[in-house]
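Coordinate inspection notes
The primary structure of each chain is shown beneath.
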Amino acid sequence: MVIEQIKARGVKDSRVLAAMANVPRELFVPPDQLPYAYEDRPLPIGHSQTISQPYLVALMTKLLAPGKKDRVLELGTGSGYQAAILGRLAGRVYSLEIVPELARSAALVLRTNGFRNVRIREGDGYKGWAEFAPYDKILLSAAPPEIPAELLAQLRPGGRLVAPVGVDAQRLVVVNKLLDGTTETQTILPVRFVPMVRGR
Ligand code: SAH
């Protein structure tokens, strides 16, 4: 049903829809939210955080266009749902989460469900994950006031970053890093994500 809604809203990419159909969202929601796992809206996952709305997961994944061999970095693991979808489409996925308990539970869910190409670590998304840089694709699941320069530095020339950006009025943007290192930014639509908080 969610797949039908996502299609109706314009995401028709067959690889993305197959990945969405293939990864049960119920694995990533807390027990009290299970009845709503297949509703197209964000749900609370504890620690004042939410699992993203399926439509936005699908749209951001489509915009990111992860290739089979791509190395992808996600900032803001949360439940691990978006990371799992990326894992079905990309070569390797690295995802950072600032709340230690969420990083731990997402890593456990992914491990016990066979998402072997997804690696989760507790860390501050503003700093990225230098160890495995450069990345072909970078996806932000929380909104910074502006695109962090450090993340653009960890993006391969020819690579792409998709992110919600802004403080009050957020917008979803696609940033293409050209081969000469300059960037081109395209605004997609207004969105509302949790803010990307500063680590200490
Ligand atoms: N992709 C997630 C969405 C989770 S909401 C999912 O599908 O469930 C965004 C997440 O970003 C929250 O878990 C929040 O704790 C995390 N976050 C916020 N600021 C962060 C930062 N600076 N670094 C890493 N994670 C951050």
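Residues numbered from 1 in each chain as written. Predicted model: local features only at pLDDT ≥ 70, side-chain atom pairs only at ≥ 80, totals over all residues. Heavy atoms only, no water.

**Overview of the pattern of salt bridges**
Evaluated as defined, the whole model comprises 6 salt bridges. Across the pair Lys7 and Glu4 runs a salt bridge whose closest N-O atoms are separated by 3.7 Å. Note that Lys7 and Glu4 are positioned in helix 1 (residues 2-8) at a spacing of 3 residues, about one turn of the helix. With a shortest N-O distance of 3.7 Å, Arg9 and Asp40 are connected by a salt bridge. With Arg9 in the loop between helix 1 and helix 2 (14-22) and Asp40 in the loop between helix 2 and strand 1 (43-46), the pair connects residues that are 31 residues apart, well separated along the chain. (Salt bridge = Lys/Arg side-chain N within 4 Å of Asp/Glu carboxyl O. Helix = DSSP H or I, 4+ residues; strand = E, 2+ residues; numbered from the N terminus.)

**Describing the pairing of strand 3 (residues 71-75)**
Most of strand 3 sits out of view: 4 of its 5 residues are buried. Pairing analysis gives 5 bridges linking strand 3 to strand 4 (residues 92-97), with the strands arranged parallel. When the sheet's bridge partners are listed, Val72 is paired in strand 4 with Val93. Examined bridge by bridge, strand 3 and strand 6 (residues 135-140) share 4 bridges and lie parallel to one another. Bridge assignment links Leu75 to a residue of strand 6, and that residue is Leu140. (Buried < 20%, exposed > 50% of the residue type's maximum accessible area, 1.4 Å probe, protein only. Pairing = 2+ DSSP bridges.)

**Concerning helix 2**
In an α-helix there are 3.6 residues to a turn, and that puts residues three or four apart on one side. For helix 2, every residue scored as buried is listed here: Val16, Leu17, Ala19 and Met20. All buried residues of helix 2 fall inside an arc of 160 degrees around its axis, so they share one side. Exposed side chains of helix 2 directed beyond 90 degrees from the buried face belong to Ser14 and Ala21. The inward-facing, buried residues of helix 2 contact helix 1, helix 3 (54-64) and helix 4 (81-89). (Arc of directions from axis to C-beta. Contact = heavy atoms within 4.5 Å.)

**Digging into the sheet that holds strand 3**
Across the sheet, which stays open at both edges, the 7 strands sit in the order 5-4-3-6-7-8-9 with mixed pairing between neighbours. Looking at strand neighbours, the two that pair on one side only are strand 5 (118-122) and strand 9 (183-191), the edges of this open sheet. On average, adjacent strands in this sheet sit at an angle of 15 degrees to one another, irrespective of strand direction. Note that strand 4 and strand 5 share 5 bridges and pair parallel. If you follow Glu97 over to strand 5, its bridge partner there is Glu122. (Axes fitted to C-alpha atoms, helices over the stretch in contact; angles between N-to-C directions.)

**Concerning the site of the ligand**
Neighbouring the ligand are 26 residues; Glu74, Ser79, Glu97, Gly125 and Val197 lie closest to it. Contact distances for the ligand include 2.6 Å between an oxygen atom and a side-chain N or O atom of Ser79. In the model, an oxygen atom of the ligand is placed 2.6 Å from a nitrogen or oxygen of the Glu97 side chain. In the complex, the protein chains occlude 99% of the 580 Å² of accessible area that the ligand would expose alone. Elements that contribute at least two residues to the shell around the ligand include exactly strand 2 (49-51), helix 4 and strand 4. Along the lines of polarity and charge, the residues of the shell around the ligand split into 12 nonpolar, 11 polar and 3 charged. (Near = heavy atom within 4 Å. Polar contact = N/O pair within 3.5 Å; in protein donor to acceptor, adjacent residues only side chain to side chain. Areas by Shrake-Rupley, 256 points an atom, 1.4 Å probe, with all protein chains shown as cover. Nonpolar A, V, L, I, M, F, W, Y, C, P; charged D, E, K, R; others polar.)

**Some thoughts on the layout of surface pockets**
Counted as a void, the largest pocket has a volume near 520 Å³. For the largest pocket, the lining is made up of 33 residues, of which Gln49, Gly76, Ser141, Ala142 and Val194 are closest to its centre. Contributions of two or more residues to the lining of the largest pocket are made by strand 2, helix 3, strand 3, helix 4 and strand 4. The biggest single contributor to the lining of the largest pocket is strand 2, with 3 residues. In terms of residue class, the lining of the largest pocket is made up of 16 nonpolar, 13 polar and 4 charged. Here the second largest pocket is characterised by a volume of approximately 160 Å³. Contributing to the lining of the second largest pocket are 12 residues, with Val2, Ile3, Met20, Tyr38 and Tyr81 lying nearest its centre. Elements with a minimum of two residues in the lining of the second largest pocket: helix 1 and helix 2. Looking at the lining of the second largest pocket, its residues break down into 11 nonpolar, no polar and 1 charged. (1 Å grid on protein atoms, 1.4 Å probe; cavity = no way out; pocket = protein on both sides within 12 Å on 5 of 7 lines; lining within 4 Å. Points joined across faces, edges and corners; volume = space filled by probe spheres on them.)

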